[in-house]
Amino acid sequence: MDTGLRGLARALRLVILVALAVLFLVPFYLLVRNGLATESDITAPNWTFFPRHLQWGNLRELFDDPSVPMLHALWNSAQIAVATTAGTLLLASLAGYGLARIPYPWADQVFYGILGTLMIPSAVTFVPSFVLVSSLGWVSTLRGLIVPTLFSAFAAFLFRQYFLGFPQELEDAARVDGLGYWRTYWRIVVPNSAPVFAAVGTIVFIGSWNSFLWPLVIGQDQQSWTVQVALSTFTTGQTVNLHELFVAAAVSILPLLVVFVVLQRFIVAGVERSGIDD
Amino acid sequence: MLSRLLGPQRRYLWFWVFTGPFVIGLAVFAYIPLLWSIGLSFFDAHNTVTPTHFVGFANYGSMLSDTAFTSSLATFAVFSLFIVPATYALSLALALMVNRLRFARAFFRSVFFLPTACSYVVASMIWKLSVFNGVRFGLANTVLGWFGADPAAWLSTTRPPWYWVVIVTVRLWLQAGFYLVLFLAGLQRIPGTLYEAAAVDGARPGWQVFRHITFPQLRATSVAVLLLLVINAFQAFDEFYNLLSTARGYPPYARPPLVYLYYVALGQGQDLGLGSAGAVILALIIAVVTVVQARWFGLGRKEA
């Protein structure tokens, strides 16, 4: 009876979604627009949506300008994110497998001890963690930025949940062939678990690349700034060329967006698995 | 003796080979700092992590009687009153609309999820320097100008407190997609037979079905989303710091708890005793809020 009405509702829904999608994309556009615009196009009183000139030279300017330590900060961030991701995947997957598959009388207690740290909000522990790291003498070092973040209870939890559902028959077959826990893990379990490694890996990588409070607290001299700390220093402090700041931010985010779009289905699966199904 | 420790077929040994490195690291970098910090909170610890002057509960007393601390809690309360309902409503509405699409569902989900990959620093930068920069070339003021309105000084005025618009919209943009994904997963889990039964019973598609089927079925997801939203709002730091702090320092308004704590513990005073007391108080507040909220929403209660 009311198919016309329903068609109208559907069309309306689509219009709203398209409008909101455009709105959600505008900030990304502004980033690129300002990064490729001339300084006067950014600060002109008659602001226009499209810049009058595209200035690709901004990119070269960013990499040539020695007063803006952006390249070094990007390099720091890349090292930190790669090391953090690799370390977290190794440590958390081993722990998750041990908890899920190796019988041990106190395994539950160990598991709750790990989960307990999830209850302590990580941002509240920055003062105590700073206390520890500074007494180790790790302030303003890459070590201080990487090592304390390697032990992610969240990642261990995701791996444990995943390995609990890993087909036992595959492991039993390996056991019959005489493989112990260690070789079963590396030869059978890891090669068959690519999706969970991809999901946890991307989530950890993006989190590490984007994290701010810890690098701000630990990276106290310019040599140890991450890209977020460097961008923040210029956003909150002394003025810098706006086009240079925006092109730097665009450079910092575009590789990540590509990774994000390519691996999105793994991330979505990881987010969905992250605990709602309790 | 040794063989008992190693367990049958050395299983206990293997358990610790797998979990040991992680557990030791977690103990060193999570539990030790926590205990150390609780210890520090009872000492006068200016610029030192090995203090000698025991002060009892003095740090807690001065923290709780400090109006700057209590007003930071008020700032959090206002912030969560804005951001929690806004994110909840927007992400649920988006999920409902995306879920009913017959095509391009993945495309729209991707678009709304994309900001999750953006850092708070970069987003704050775009909001502060391009959208809401308080001068006429800002996007928001340009749009206001189309309607003949005067430009607003978004971040640098407290009367009216326009800065809340900036703070709330930046987080809304960054996090709505994440919760959209959670809601979509929740919607997919609702059995289709429920909708068929509702149609047989004469429920009209739209509000009635949402009110009696979809919304109650999303209960578990809703509880989890609200808990996460409140906890995350409590830990807000990045966008406040990057939006409001300028070359002249942080303004006296809009200081959430973590920004306040940051300046106490790592600012000029480096008062780690006071900072630790503040961290302990905040951790306790979060624990209480979490438990109360979980009770209130009846977490763990079986679905009807």
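The structure displayed is predicted, hence computed values, not measured ones.

## So, the overall build of chain A
Assigned secondary structure in chain A consists of 15 helices and zero strands. Oriented by its inertia axes, the alpha-carbon framework of chain A measures out at about 75 × 75 × 35 Å. Per-residue burial for chain A yields a buried fraction of 54% across its 278 residues. Intrachain contacts of chain A at a sequence separation of at least 6 include 72% that bridge at least 24 residues. Total accessible area on chain A is roughly 12,500 Å²; 66% of this is exposed by carbon and sulfur atoms. When the 14 positive and 16 negative side-chain charges of chain A are each reduced to one mean point, those points stand 7 Å apart.

## Observations concerning the overall build of chain B
Across its full length, chain B carries 14 helices and zero strands. Starting at the N terminus, the α and β elements of chain B follow one another as α-α-α-α-α-α-α-α-α-α-α-α-α-α. Taken over C-alpha atoms, the radius of gyration comes to 25 Å for chain B, far larger than the 19 Å a tight globule of 304 residues would show. Dimensions of chain B, computed from the C-alpha atoms along their principal axes, are close to 70 × 70 × 30 Å. Counting over 304 residues, chain B shows a buried share of 51%. Summarising the internal contacts of chain B: among those between residues at least 6 apart in sequence, 66% fall at separations of at least 24. Of the roughly 14,500 Å² of accessible surface on chain B, a fraction of 66% belongs to carbon and sulfur atoms. Charge centroids of chain B, computed over 20 positive and 9 negative side chains, lie 10 Å from each other.

## Let's talk about the interface of chain B and chain A
Buried accessible area, meaning the area lost when the parts come together, often serves as the stated size of an interface. Every contact between the two is made by 88 residues of chain B and, on the other side, 94 residues of chain A. Summing both sides of the interface, chain B and chain A together bury roughly 8,300 Å²; the carbon and sulfur share of this comes to 80%. Together, Phe18, Phe22 and Phe29 of chain B form the three largest contributors to the area buried by chain B at its contact with chain A, with a combined 10%. In this structure, the connection of chain B to chain A is made through zero salt bridges. The interface formed by chain B and chain A holds eleven residue pairs in polar contact (both at pLDDT 80 or more) in total. With 23 residues, helix α2 (residues 11–40) of chain B is the single largest residue contributor to the side of chain B that touches chain A. Grouping the constituent residues of the side of chain B that touches chain A by class yields 64 nonpolar, 16 polar and eight charged.

## What to know about the packing of aromatic side chains
Under the counting rule described, the total for this entry stands at 55 aromatic pairs over all chains. Here Phe42 of chain B and Phe54 of chain B contribute two aromatic rings whose centre-to-centre distance is 6.5 Å and whose plane-to-plane angle is 25°, an arrangement assigned as stacked. Separated by twelve residues along the polypeptide, Phe42 of chain B in the loop between α2 and α3 (58–65) and Phe54 of chain B in the loop between α2 and α3 bring together distant segments of the chain. The structure contains a cluster of three or more aromatic residues connected by ring pairs, namely Tyr97, Phe159, Tyr162, Phe163, Trp182, Tyr185, Trp186 and Phe197 of chain A together with Trp14 and Phe18 of chain B. Looking at Arg160 of chain A, its charged tip hangs above the ring of Phe111 of chain A, at a distance of 3.7 Å from the centre. The residue whose ring lies beneath Arg255 of chain B is Tyr263 of chain B, and the NZ or CZ to ring-centre distance is 5.6 Å.

## So, the domain arrangement of chain A
Residues and elements named next belong to chain A. Annotation of chain A at the domain level lists domain 1 (3–61) and domain 2 (67–273). Between the C-alpha centres of domain 1 and domain 2 there is a distance of 32 Å. The partner domain 2 presents eleven residues to the twelve residues of domain 1 that form the contact. Taken together, the two surfaces of domain 1 and domain 2 that pack against each other cover about 1,000 Å², and 72% of this comes from carbon and sulfur. Together, Leu31, Glu39 and Glu61 form the three largest contributors to the area buried by domain 1 at its contact with domain 2, with a combined 46%. The interface formed by domain 1 and domain 2 includes zero salt bridges. Inspection of the domain 1/domain 2 interface yields three residue pairs in polar contact (both at pLDDT 80 or more). When residues of the side of domain 1 that touches domain 2 are assigned to their parent elements, the largest contribution, five residues, is made by helix α1 (residues 3–35). Residues that form the side of domain 1 that touches domain 2 fall into these classes: six nonpolar, four polar and two charged.

## Remarks on the nonpolar core
In this structure, Leu231 of chain A together with Phe112 and Leu244 of chain B are the most contacted members of the largest nonpolar core, which totals 186 residues. The element best represented in this core is helix α8 (residues 163–188) of chain B, accounting for 17 residues. Shared between two domains, this core holds at least three residues of each, these being domain 1 (3–61) and domain 2 (67–273) of chain A. Setting aside anything within four residues of it in sequence, one finds Phe112 of chain B in contact with Leu17, Leu20, Ala21 and Phe24 of chain A together with Leu94, Val98, Gly177 and Leu180 of chain B.

## Remarks on the packing of helix α5 (residues 105–113) of chain B against α8 of chain B
How two helices pack is summed up by the angle between their axes together with the distance between the axes. Residues and elements named next belong to chain B. Relative orientation of the contacting elements α5 and α8 amounts to 145°, with a least axis distance of 8 Å. Touching Arg105, Arg109, Phe112 and Phe113 of α5 are Gly177, Phe178, Leu180, Val181, Leu184 and Gln188, all from α8. The class makeup of the residues in the contact of α5 with α8 is six nonpolar, two polar and two charged.

## Some details on the packing of helix α4 (residues 67–99) of chain B against helix α11 (residues 219–234) of chain B
Residues and elements named next belong to chain B. Remark: α4 packs on α11, axes separated minimally by 9 Å, with the N-to-C direction vectors making an angle of 145°. Seen from above, α4 lies across α11 with right-handed handedness. On the side of α4, the interface is formed by Phe76, Phe79, Ser80, Ile83, Val84, Thr87 and Tyr88, while α11 contributes Ser222, Val225, Leu226, Leu229, Val230, Ala233 and Phe234. Residues belonging to the contact of α4 with α11 are distributed by class as follows: eleven nonpolar, three polar and no charged.

## Observations regarding the UniProt feature "transmembrane region" (unreviewed entry) in chain A
Residue and element names in this part refer to chain A. The positions UniProt marks with the feature "transmembrane region" (unreviewed entry) are residues 12–32, 78–99, 111–133, 145–163, 184–206 and 245–263. For the annotated span residues 12–32, helix accounts for 100% and strand for 0% of the residues, and the straight-line distance between the end C-alpha atoms is 31 Å. Between the C-alpha atoms that bound residues 184–206 there is a distance of 30 Å. The span itself is 83% helix and 0% strand.

## A short note on the UniProt feature "transmembrane region" (unreviewed entry) in chain B
Residue and element names in this part refer to chain B. Per the UniProt record, "transmembrane region" (unreviewed entry) is found at residues 12–32, 73–94, 106–127, 162–185, 218–237 and 272–292. Along residues 12–32, the helical share is 100% and the strand share 0%, with 25 Å between the first and last C-alpha atoms. As a span, residues 73–94 carries 100% helix and 0% strand, and end to end its C-alpha atoms are 31 Å apart.

Criteria and cut-off values
Residues numbered from 1 in each chain as written. Chains lettered and ligands numbered in written order. Predicted model: local features only at pLDDT ≥ 70, side-chain atom pairs only at ≥ 80, totals over all residues. Heavy atoms only, no water. Helix = DSSP H or I, 4+ residues; strand = E, 2+ residues; numbered from the N terminus. Buried < 20%, exposed > 50% of the residue type's maximum accessible area, 1.4 Å probe, protein only. Contact = heavy atoms within 4.5 Å. Areas by Shrake-Rupley, 256 points an atom, 1.4 Å probe, with all protein chains shown as cover. Lys, Arg positive; Asp, Glu negative; His and termini not counted. Charge placed at Lys NZ, Arg CZ, Asp CG, Glu CD. Rg over C-alpha atoms; globule rule 2.2 N^0.38 Å. Buried area = accessible area lost by both parts, 1.4 Å probe. Salt bridge = Lys/Arg side-chain N within 4 Å of Asp/Glu carboxyl O. Polar contact = N/O pair within 3.5 Å; in protein donor to acceptor, adjacent residues only side chain to side chain. Nonpolar A, V, L, I, M, F, W, Y, C, P; charged D, E, K, R; others polar. Phe/Tyr/Trp six-rings, centres within 6.5 Å; stacked < 30°, edge-to-face > 60°. Lys NZ or Arg CZ within 6 Å of the ring centre and 35° of its normal. Domains from an automatic or database assignment. Core = buried A, V, L, I, M, F, W, Y, C linked by side-chain atoms within 4.5 Å. Axes fitted to C-alpha atoms, helices over the stretch in contact; angles between N-to-C directions. Left-handed = near helix turned anticlockwise from the far one by under 90°. UniProt positions renumbered as here; feature names shortened; annotations may be inferred.

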